[in-house]
Amino acid sequence: MYLPPHDPHVDDPMRFKPLFRIHLMERKCATVECMYGHKGPHNGHIQIVKKDEFSTKCNQTDHHRMSGGRQEEFRTWLREEWGRTLEDIFHEHMQELILMKFIYTSQYDNCLTYRRIYLPPSSPDDLIKPGLFKGTYGSHGLEIVMLSFHGKKAKGTKITGDPNIPAGQQTVEIDLAHPLQLPDIENLRDFSELSRIVLEVQEQVRREEQEREHWQEEEDRSHQAASQPAAKPLGGEGAEGEETAAGAEGTTQDKAPASQPFVLPMGVISRNEDYPRACRICFYGTGLIAGHGFTSPERTPGVFVLFDDDRFGFIWLELKSFSLYSRIKVSFQNAEAPSREAFDEMLKNIQSLAT
């Protein structure tokens, strides 16, 4: 198992933890040992479910238990997962979320299902190389996100989840057709000024979507007109101009300066204060938020901030929170990149993985 570094150190390397091992014996026999827990290897089982998927099961779950009961197990898990003790965590809400995560993960320590992760395909036109990133998620700690590019959109899909947003969901979506021009460094410190800029772009995006829907309806009507040549949709010229404008916006990133000063607005909370103080370019985007158990999910406006080839950030406007992401540089073997079509289809069908 590859675990993220301790929160909030996103630039630290991933941590490695063995979960099981297979001993190949004579006559094509094999034995499986579960490595979970703190009492050493013990008897386990592996089952091949289907292509790119298998399951492991522990046959001696008593090896996972500790003499001090759940309390000792929780404190040990807390030291290993978070690098701290419960006494170090003063925020009551954070304590609640951590306890929820422990209860969730400890329910599945005896039977786990593994699915292969296909890394997203790469294109020379991509803003940066797609791949896996470690990101800060407030009281949830560090989580793993897969960044992929789809034309004028970029998507961050959760590989690991939390009690609010499970794995498999699109945590952020970036509109590459709508770059943001940040104010100067002094005005950037004013959250209301940044909020005004973002909300103006949100309204622009909403109007463009309405216009596209209108043109599509007009085009559908024109195709339904019998014995008449297809009429040009109303606003067709406007659509053409809009496409040109979008194209012009899309090329803004090519004309952007190599870097510009960056600082978080006052009042925006960041788990990691050691974020870069210069960025390449920013885009309008949306982030997914929800209540516990993925209740009442909604997409809210935000700012995607590209720092360099290996780091980016996202300002959650409604939460007044900032997530910093850093590329995972571990070399994962056999992670073949499928075609864009296959990858898009896979994203639609991605299933939640264990936290």
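Residues numbered from 1 in each chain as written. Predicted model: local features only at pLDDT ≥ 70, side-chain atom pairs only at ≥ 80, totals over all residues. Heavy atoms only, no water.

A. Quick peek at helix 1 (residues 69–82). Taking 1.5 Å of rise per residue, the 14 residues of helix 1 would be expected to cover 20 Å, and the 20 Å separating its terminal C-alpha atoms lies within 8% of that figure. Listing the buried residues of helix 1 in full gives Glu73, Phe74, Thr76, Trp77, Leu78 and Trp82. Just downstream of helix 1, Gly83 is the residue with a positive phi angle, here 70°. (Helix = DSSP H or I, 4+ residues; strand = E, 2+ residues; numbered from the N terminus. Expected span 1.5 Å × (residues − 1). Buried < 20%, exposed > 50% of the residue type's maximum accessible area, 1.4 Å probe, protein only.)

B. Just the pattern of salt bridges, in detail. Within the structure shown, the criterion is met by 22 salt bridges. Arg280 is the partner of Asp309 in a salt bridge, and the nearest nitrogen-oxygen pair spans 2.8 Å. With Asp309 in the loop between strand 16 (295–308) and strand 17 (311–316) and Arg280 in the loop between strand 14 (278–279) and strand 15 (281–291), this pair connects stretches of sequence that are 29 residues apart. Members of the salt-bridge network, linked through shared partners, are Asp11, Asp308 and Arg311. (Salt bridge = Lys/Arg side-chain N within 4 Å of Asp/Glu carboxyl O.)

C. Structural context of the sheet that holds strand 6 (residues 53–58). With antiparallel pairing, the five strands of this open sheet are ordered in space as 3-4-5-6-7. One side of each edge strand has no neighbouring strand; the edge strands of this open sheet are strand 3 (20–24) and strand 7 (111–115). Strand-to-strand, the axes of this sheet are offset by a mean angle of 35°, without reference to chain direction. (Pairing = 2+ DSSP bridges. Axes fitted to C-alpha atoms, helices over the stretch in contact; angles between N-to-C directions.)

D. Region of the structure containing the pairing of strand 3. Sheet topology note: the strand 3/strand 4 (residues 30–34) ladder contains five bridges and is antiparallel. Its bridge partner being in strand 4, Leu24 is matched across the sheet by Ala30. The loop that links strand 3 with its antiparallel partner strand 4 comprises five residues; one of these, Arg27, has a positive phi angle of about 55°.

E. Summary view of the pairing of strand 17. Counting buried residues along strand 17, five of its six residues qualify, which places the element largely inside the surrounding structure. Where strand 16 meets strand 17, six bridges bridge the pair, whose relative direction is antiparallel. Note that in strand 17 the partner of Leu306 across the bridge is Phe312. Here strand 16 folds back onto strand 17 in antiparallel fashion, the turn holding two residues. Of the strand pairs in this sheet, strand 17 and strand 18 (residues 321–327) are connected by six bridges, and their pairing is antiparallel. In the sheet register, Ile315 faces strand 18, and the bridge partner there is Phe322. Taking the residues between adjacent antiparallel strands as the criterion, strand 17 and strand 18 are bridged by four residues, where Lys320 takes a positive phi near 50°.

F. Spotlight on the confidence of the model for the protein. Looking at the protein as a whole, its pLDDT mean stands at 83, while 82% of the residues score no less than 70. Taken as a whole, residues 230–256 scores under 50 in pLDDT and shows 34 contacts with residues more than four places along the chain or in a different chain. Contacts from residues 350–355, a stretch scored under 50 in pLDDT, to residues over four places away or in other chains number 14 contacts. (pLDDT = per-residue confidence, 0-100. Contact = heavy atoms within 4.5 Å.)

G. How the structure looks around helix 4 (residues 191–224). For helix 4, with 34 residues, the first-to-last C-alpha span of 50 Å sits near the 50 Å given by 1.5 Å per residue. By the burial criterion, the buried members of helix 4 are Phe191, Leu194, Ser195, Ile197, Val198, Val201, Val205, Glu208, Trp215, Glu218 and Ser222.

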